[in-house]
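If you want the building blocks of each chain, they are given just below.
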Amino acid sequence: MSECEHWRSRFDTMKEQYEQEKEEKYQLKCEVQKLNVQLADQSEYSINMGTAIGTLLWRVSQSEQTIHSVLQGSKTEEFLQLVQGTLESYVQTYSNGTPYHPSQEESNESNFVLAICGVITNIAAAPYGRHFLMGSTSGCQLVDSYVEVLMQLLPPTFPKLRK
């Protein structure tokens, strides 16, 4: 085999390897794109589900009898912590210096936050609920977060949340 044939053979091998890697890269890009679409769909589903469940819980929590039942559950502390984290994250995300637009409060995400905040408001409106919130570490931390958030939100931002 001559030196020219050797280099030609090596070139052909490298070219074939390049084409294979190019195809693999394309396949991976397609897979990433497909996964991104799935993630967006799952995220939208989760937001819609959270909004629906939050709204239902908000409506149910308007009854003092159900507040007592809800607060007896095993996931109450975790729920209070989730509400606190969600509220703080939401306010931090939308009050980072970007101009406020009323449509921000019309999204499913905003409706979810409003619903879970409504649940806490309903809990705090009942004597048993107030006692529970103030007797719980997570409840006290959540109330402190509410106060901080309300001090940060100046008109005209987030009128529904300030209510």
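The model shown is predicted, which means the values in this text are computed figures rather than measured ones.

Draft legend 1. Broad picture of the layout of surface pockets. Approximately 160 Å³ is the volume found for the second largest pocket. In terms of lining residues, the second largest pocket is bounded by G50, I53, G54, L57, F79, L82, V83, T86, F112 and I116. Classifying every residue of the lining of the second largest pocket by side-chain character gives 7 nonpolar, 3 polar and no charged.

Draft legend 2. Up close: the pattern of salt bridges. In the structure shown here, the tally under the stated rule is 2 salt bridges. Across the pair R8 and D12 runs a salt bridge whose closest N-O atoms are separated by 4.0 Å. Here D12 and R8 lie together in helix 1 (residues 3–60), a separation of 4 residues that amounts to about one turn. Of the residues examined, R8 reaches a relative accessible area of 51% and is grouped as exposed.

Draft legend 3. How the structure looks around the nonpolar core. If you look at the biggest cluster of nonpolar residues, it comprises 20 residues, and the most contacted ones within it are L80, L87, V91, I120, I123, L142 and Y146. For this core, the secondary structure elements donating two or more residues are helix 2 (64–71), helix 3 (76–94), helix 4 (108–125), helix 5 (127–135) and helix 6 (137–152). Among the elements that take part in this core, helix 4 stands out by supplying 6 residues, more than any other. Once residues lying within four places of it in the same chain are set aside, the contact partners of Y146 are L87, I116, C117, I120 and T121.

What counts as what
Residues numbered from 1 in each chain as written. Predicted model: local features only at pLDDT ≥ 70, side-chain atom pairs only at ≥ 80, totals over all residues. Heavy atoms only, no water. 1 Å grid on protein atoms, 1.4 Å probe; cavity = no way out; pocket = protein on both sides within 12 Å on 5 of 7 lines; lining within 4 Å. Points joined across faces, edges and corners; volume = space filled by probe spheres on them. Nonpolar A, V, L, I, M, F, W, Y, C, P; charged D, E, K, R; others polar. Salt bridge = Lys/Arg side-chain N within 4 Å of Asp/Glu carboxyl O. Helix = DSSP H or I, 4+ residues; strand = E, 2+ residues; numbered from the N terminus. Buried < 20%, exposed > 50% of the residue type's maximum accessible area, 1.4 Å probe, protein only. Core = buried A, V, L, I, M, F, W, Y, C linked by side-chain atoms within 4.5 Å. Contact = heavy atoms within 4.5 Å.

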